[in-house]
Amino acid sequence: MAENTTTTAEGTTPAENSAPERAEGTNQRYERGDRAERSAGPRVTATDLLPELGEGEGLASDKEVSNGRAYEVTYIVQANVANAVEETQERVKTLIEEADGALDNVRVSEARRLAYPIDKKSDGVYVVINARFSKDLTFELDRYFKLEERVLRHVILREDA
């Protein structure tokens, strides 16, 4: 960026109490970008999330699951609702265990700012569950997550062997 200067008999000196010069149109883009940064808050990427996840509960089970595959179930729960994380986590565990599945790992993050508002909520708690169960349970889990109002987003991924 160019520095403001004034020309005097002695030569060129920096101008005092004047705003820095900006090219025509640059000022508008700067303000718009500045405004977007302030309103969006810090951006969260997948690599930012992983190190801050809480410790797993050491659930790695050696239980043999007939006709089962390894899945990763990730969902976001509203941050400011009392007991929402514990209740949804218990319900998912119950569904998996009733379907003769096995939990391998559960990780829960602290309340985090979302990249964009979801249902007018700007904070959420990420829960990641690694488990083994049959394909039929994915439909039941998907149905539960869609009906549960405290769950903002969810995804069920099959892990490669």
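For the structure given in this document, a descriptive report is provided here. Note that the structure is predicted; figures quoted are calculated from it, not measured.

The rules behind these values
- Residues numbered from 1 in each chain as written.
- Predicted model: local features only at pLDDT ≥ 70, side-chain atom pairs only at ≥ 80, totals over all residues.
- Heavy atoms only, no water.
- Helix = DSSP H or I, 4+ residues; strand = E, 2+ residues; numbered from the N terminus.
- Buried < 20%, exposed > 50% of the residue type's maximum accessible area, 1.4 Å probe, protein only.
- Expected span 1.5 Å × (residues − 1).
- Arc of directions from axis to C-beta.
- Core = buried A, V, L, I, M, F, W, Y, C linked by side-chain atoms within 4.5 Å.
- Pairing = 2+ DSSP bridges.
- Axes fitted to C-alpha atoms, helices over the stretch in contact; angles between N-to-C directions.
- Contact = heavy atoms within 4.5 Å.

**Considerations on unusual backbone geometry**
Here's step 1: In the Ramachandran plot, Asn83 falls in the positive-phi region, its phi being about 65 degrees despite a non-glycine side chain.
Here's step 2: Looking at the element boundaries, Asn83 is found in the loop between strand 3 (69-78) and helix 3 (84-98).
Here's step 3: On the basis of relative accessible area, Asn83 is assigned to the partly exposed category, the value being 48%.
Here's step 4: Within the chain, Lys120 stands out as a residue other than glycine whose phi angle is a positive 65 degrees.
Here's step 5: Mapping Lys120 onto the fold places it in the loop between strand 4 (102-118) and strand 5 (121-133).

**Structural notes on helix 3**
Here's step 1: Compared with an ideal rise of 1.5 Å per residue, which puts 15 residues at 21 Å, helix 3 spans 21 Å between its outermost C-alpha atoms and is within 8% of the ideal.
Here's step 2: Those residues of helix 3 not exposed but buried are Ala84, Val85, Thr88, Gln89, Val92, Lys93, Leu95 and Ile96. For helix 3, the arc enclosing every buried residue in end-on projection is 160 degrees, short of the 170-degree limit, so these residues lie on one face.
Here's step 3: Looking one or two residues beyond helix 3, the residue adopting positive phi is Asp100, at roughly 60 degrees.

**Here we look at the nonpolar core**
Here's step 1: Membership of the largest hydrophobic core comes to 21 residues, with the highest contact counts inside it found for Tyr75, Val92, Ile96, Ile129, Phe133, Leu141 and Phe145.
Here's step 2: Those elements that place two or more of their residues in this core are strand 3, helix 3, strand 4, strand 5 and helix 4 (136-147).

**A short note on the sheet that holds strand 5**
Sheets are built from strands paired through backbone hydrogen bonds, the pairs being either parallel or antiparallel.
Here's step 1: Spatially, the four strands line up as an open sheet ordered 4-5-3-6, and their pairing is antiparallel. Looking at strand neighbours, the two that pair on one side only are strand 4 and strand 6 (151-158), the edges of this open sheet. Sheet twist, expressed as the average angle between the axes of neighbouring strands with direction ignored, equals 15 degrees.
Here's step 2: Examined bridge by bridge, strand 3 and strand 5 share ten bridges and lie antiparallel to one another. For Tyr71, the partnering residue across the bridge sits in strand 5 and is Ala131.
Here's step 3: Most of the contacts of helix 3 go to strand 4, to which it runs at about 140 degrees, and overall it touches strand 3, strand 4, strand 5 and strand 6.
Here's step 4: The sheet strands contacting helix 4 are strand 3, strand 5 and strand 6, and the helix crosses strand 6 at an angle near 165 degrees.

**Some points on the environment of Leu137**
Here's step 1: Structurally, Leu137 can be placed in helix 4.
Here's step 2: Its relative accessible area of 6% is what places Leu137 among the buried residues.
Here's step 3: Remark: the alpha-carbon pair of Leu137 and Gly101, spanning 36 residues in sequence, is separated by 8.9 Å.

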